[in-house]
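One-letter residues, chain by chain:
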Amino acid sequence: MTTNAHLHRRIAAATGIVMASVLLSRILGFFRDWTVAHQVGANAATSAYYTAFTLPDFLNYLIAGGSLSITFIPVFAKYVAEQREDEGWRVFSTVVTVMGFVLVSLVVLGEIYAAHLVKYIAPGFAPAEFQQTVFLTRLMLPAQICFYEGSILSAVQYAKNRFIIPSLAPIIYNVGIILGGVLLSSRIGINGFAVGVLGGAICGNFLLQIYGAWRAGAIFRPNFNIRHPGFWMFLKLSVPIMLALSLSFVDDWIIRWFGSYLQPASITWLNNGKTLMRVPLGLVGQAIGVASFPILAQLYSEKKFDDLNQILNSTFRALIFLLLPISALTIAQSLPLVYLVFSHTRLHGPDLAATASTLAFFSIGMFAWGAQNILARGFYATRDTITPAVVGTVTTLLSLPVYWLLVRRLDYVGLALASTIGIVAYTILLFVLLARRTKNPEEGSLVVFFLKVAVASCAAGYACYRLTGWLEDYIHWQQIIGALILLTLVTSMGIVAYLALLKIFRVPEVTQYLRRAFSFANRS
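A brief structural summary. Because the structure is a prediction, the values reported are computed rather than measured.

What follows is about the overall build of the protein. From N to C terminus, the protein includes 21 helices and zero strands. Relative to its 524 residues, the protein shows a buried fraction of 56%. If you take every contact in the protein between residues at least 6 apart in sequence, the share linking residues at least 24 apart comes to 84%.

Below, the structure is given as structure tokens:
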């Protein structure tokens with residue numbers, strides 16, 4: 001077996017594990033938000049709840065907690081490649097100790113100054129909505145300690161090619177939120193979900209990951225040795241992410257800031273639409289990105305640059321092949337899809353229509369959300385976190401006038417459209433710069449592949465849109481069974497049309513992917 005074939009098999013196996021986990025966690029993530037809609041509805045309380053995540057998320061982002069698997073794995077991989085794994089564990093201990101202490105200090109400050117900070121996070125909230133946001137923020141802040149420590153414990157497991165236990169973290173976290181809402185919301189309202197956030201983080205993101213890291217052979221001895229060169233390498237990679245304002249991180253915060261000035265349920269509609277968009281996005285984009293990154297970092301450490309380019313190209317093609325048609329089909333059927341998943345909740349007709357509109361506009365950029373995940377990891381694997389940070393920050397700053405203009409013209413839908421425009425621009429810039437950095441010989445063929453898949457997806461999506469409009473006159477699509485029948489029929493026709501168009505466009509990957517799918521199905 002060739003080296004590349006072996007690496008592809010490793011990525012495929014890891015992707016399968018992560019994909020199964022992401023599928024379940026995304027389903028639970030949707031059911032989590034469905035439970036909020038079912039128990040509470042879409043109103044000022046739910047908007048306060050979703051906005052209360054902003055400060056905790058910011059603290060996690062501020063110390064690169066959300067990017068630890070990106071910033072720590074290249075450092076650890078370097079020591080492993082140099083046959084100095086013991087030094088890698090010393091760096092691990094220093095990062096856990098020092099950055100954990102910093103985060104605890106920030107959480108304490110956040111608890112004290114929460115009211116002052118929420119004024120800047122959601123300046124348009126009414127007094128009652130503001131007070132509830134402050135309370136929920138304080139309740140959920142300690143969970144960030146669990147997320148941070150759990151992230152580095154997961155990074156260690158990823159570096160050792162162990163994916164199962166880290167993949168369970170978001171599943172248990174979402175289960176905790178759902179249980180908190182179901183068991184407590186009848187007595188304490190939306191606060192029950194916040195209690196679930198804390199409980200799920202402790203169990204899934206912290207305690208379970210301690211066990212997983214121990215199983216992976218992690219060696220931890222608390223120390224504050226900030227002079228260790230490995231710790232400084234970690235900081236060199238992390239600081240650009242800490243200081244950057246990449247749109248991939250801050251989009252939710254921008255939407256909540258502008259959304260606080262709109263009608264009370266706007267933030268909830270936007271959150272529900274983006275959550276639905278993230279289900280296939282997480283399943284495809286996140287799974288491929290998480291599974292391929294440790295191998296990319298290993299290839300760079302071993303100076304196998306041709307192999308690194310081949311892995312990047314193959315993962316990019318697979319992602320585009322899957323996400324573009326999913327995006328087109330989602331846009332074409334956004335309203336029946338929303339009725340299918342939210343019709344038996346406290347959401348009413350206007351809520352469902354508004355959610356469908358945001359879903360459609362978010363889905364235009366679905367491919368970009370997935371692609372930037374892989375492209376950024378291409379930079380991170382080469383130990384370059386500065387380029388994505390600078391590009392992300394510049395894109396965000398240039399996007400702010402777009403948010404302002406579109407929210408004035410199109411209300412809440414304008415925020416979804418601005419989000420899509422910004423992430424597409426960010427992804428295009430990353431693609432061009434990464435191709436230049438890695439001297440990718442297949443840059444042109446990747447663009448041609450993207451254009452062919454995009455045209456096929458748009459054509460199939462438009463046909464599905466017209467078919468959906470025709471079938472709506474004959475099927476009771478505003479009921480669960482009717483919506484399911486409609487979606488199944490239209491999606492089946494859309495897939496056939498998409499594959500037929502790719503055959504006409506002579507895209508060779510179609511046959512390759514179909515053979516792999518049939519082979520996998522036969523083995524299963």
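Now that the structure has been shown, the text picks up again.
With that settled, consider the layout of surface pockets. As a volume, the second largest pocket reaches approximately 470 Å³. Around the second largest pocket sit 15 residues that line it, and Y120, V250, W253, I254 and W257 are the ones nearest its centre. Where the lining of the second largest pocket is concerned, the elements lending two or more residues are helix 3 (54–62), helix 5 (85–121), helix 11 (247–259) and helix 17 (386–410). Residue classes in the lining of the second largest pocket are distributed as 13 nonpolar, two polar and no charged.

Now for the packing of aromatic side chains. The tally for this structure, following the rule as stated, stands at 21 aromatic pairs. Between W257 and Y261, the aromatic rings sit 5.4 Å apart at their centres with planes inclined by 65°, giving edge-to-face as the arrangement. Here the aromatic cluster, defined as three or more aromatic residues joined through ring pairs, consists of Y49, Y50, F53 and F193. Stacked on the ring of F449, the Lys or Arg R317 has its end atom at 5.7 Å from the ring centre.

Right, let's get into the nonpolar core. The biggest cluster of nonpolar side chains holds 87 residues, and the ones touching the most others in it are I320, F342, Y403, L415 and L502. No other element matches helix 13 (residues 305–332), which puts twelve residues into this core. Those residues within four positions of F342 in sequence are excluded, and the remaining contacts are F30, D33, W34, A37, N272, L276, L347, L352 and T355. Core analysis: the next-biggest nonpolar cluster, separate from the first, contains 33 residues, I63, F72, F92 and I121 among them.

With that settled, the discussion passes to the side chain of T54. The residue T54 is located in helix 3 in this model. For T54, a relative accessible area of 6% translates into the label buried. Residues in contact with T54, not counting those within four places in the same chain, are I121, W253 and R256.

This paragraph deals with a nonpolar patch on the surface. Judged by side-chain polarity, V104, V108, L109, I112, Y113 and L117 come together as a nonpolar surface patch covering roughly 520 Å² of accessible area. Here I112 shows up in helix 5.

A few words now on the side chain of T395. Along the chain, the position of T395 falls in helix 17. Taking the relative accessible area as the measure of exposure, T395 reaches 6% and is therefore buried. In terms of polar contacts, T395 uses its side chain to reach the backbone carbonyl oxygen of V391, at 2.7 Å. Those residues in contact with T395, other than ones at most four positions away along the chain, are G422, A425, Y426 and L429.

So, on to helix 8 (residues 164–188). Helix length check: helix 8, at 25 residues, gives a terminal C-alpha distance of 35 Å against a target of 36 Å (1.5 Å per residue), a fit within 8%. At the exit of helix 8 stands G189, carrying a positive phi of roughly 65°.

Running from N to C, helix 14 (residues 334–342) and helix 15 (residues 349–364) cross one another at 125°; their axes reach a closest spacing of 8 Å. Comparing their axes, helix 15 and helix 14 come out oblique. In this structure, the crossing between helix 14 and helix 15 has a hand that is right-handed. Counted together, S334, L335, L337, V338, Y339 and F342 of helix 14 and G349, L352, A353, T355, A356, L359 and A360 of helix 15 form the full contact between these two elements.

Our focus in this paragraph is the environment of Y412. With respect to the helices and strands, Y412 occurs in helix 18 (residues 412–438). Linking Y412 and L262, residues 150 residues apart in sequence, is a C-alpha distance of 7.4 Å. Every residue in contact with Y412, bar those within four places of it in the chain, is listed here: L262, Q263, S266, W269, L270, A354 and T358.

What follows deals with the pattern of salt bridges. One pass over the structure, following the stated rule, counts nine salt bridges. Note that D252 is salt-bridged to K274, the shortest N-O span being 2.8 Å. Here D252 is found in helix 11, whereas its partner K274 is found in helix 12 (residues 266–301), with 22 residues between them in sequence. Classification of K274 by relative accessible area gives buried; the value is 3%. Of the charged contacts in the structure, one is a salt bridge between R436 and E443, with a shortest N-O distance of 2.7 Å. Salt bridges sharing partners connect three or more residues here, namely D251, D252, K274 and R278.

Cut-off values and rules
Residues numbered from 1 in each chain as written. Predicted model: local features only at pLDDT ≥ 70, side-chain atom pairs only at ≥ 80, totals over all residues. Heavy atoms only, no water. Helix = DSSP H or I, 4+ residues; strand = E, 2+ residues; numbered from the N terminus. Buried < 20%, exposed > 50% of the residue type's maximum accessible area, 1.4 Å probe, protein only. Contact = heavy atoms within 4.5 Å. 1 Å grid on protein atoms, 1.4 Å probe; cavity = no way out; pocket = protein on both sides within 12 Å on 5 of 7 lines; lining within 4 Å. Points joined across faces, edges and corners; volume = space filled by probe spheres on them. Nonpolar A, V, L, I, M, F, W, Y, C, P; charged D, E, K, R; others polar. Phe/Tyr/Trp six-rings, centres within 6.5 Å; stacked < 30°, edge-to-face > 60°. Lys NZ or Arg CZ within 6 Å of the ring centre and 35° of its normal. Core = buried A, V, L, I, M, F, W, Y, C linked by side-chain atoms within 4.5 Å. Patch = residues over 30% accessible without salt bridge, like charges linked within 9 Å, V, L, I, M, F, W, Y side chains within 5 Å. Areas by Shrake-Rupley, 256 points an atom, 1.4 Å probe, with all protein chains shown as cover. Salt bridge = Lys/Arg side-chain N within 4 Å of Asp/Glu carboxyl O. Polar contact = N/O pair within 3.5 Å; in protein donor to acceptor, adjacent residues only side chain to side chain. Expected span 1.5 Å × (residues − 1). Axes fitted to C-alpha atoms, helices over the stretch in contact; angles between N-to-C directions. Parallel < 35°, antiparallel > 145°, perpendicular 65-115°, else oblique. Left-handed = near helix turned anticlockwise from the far one by under 90°.

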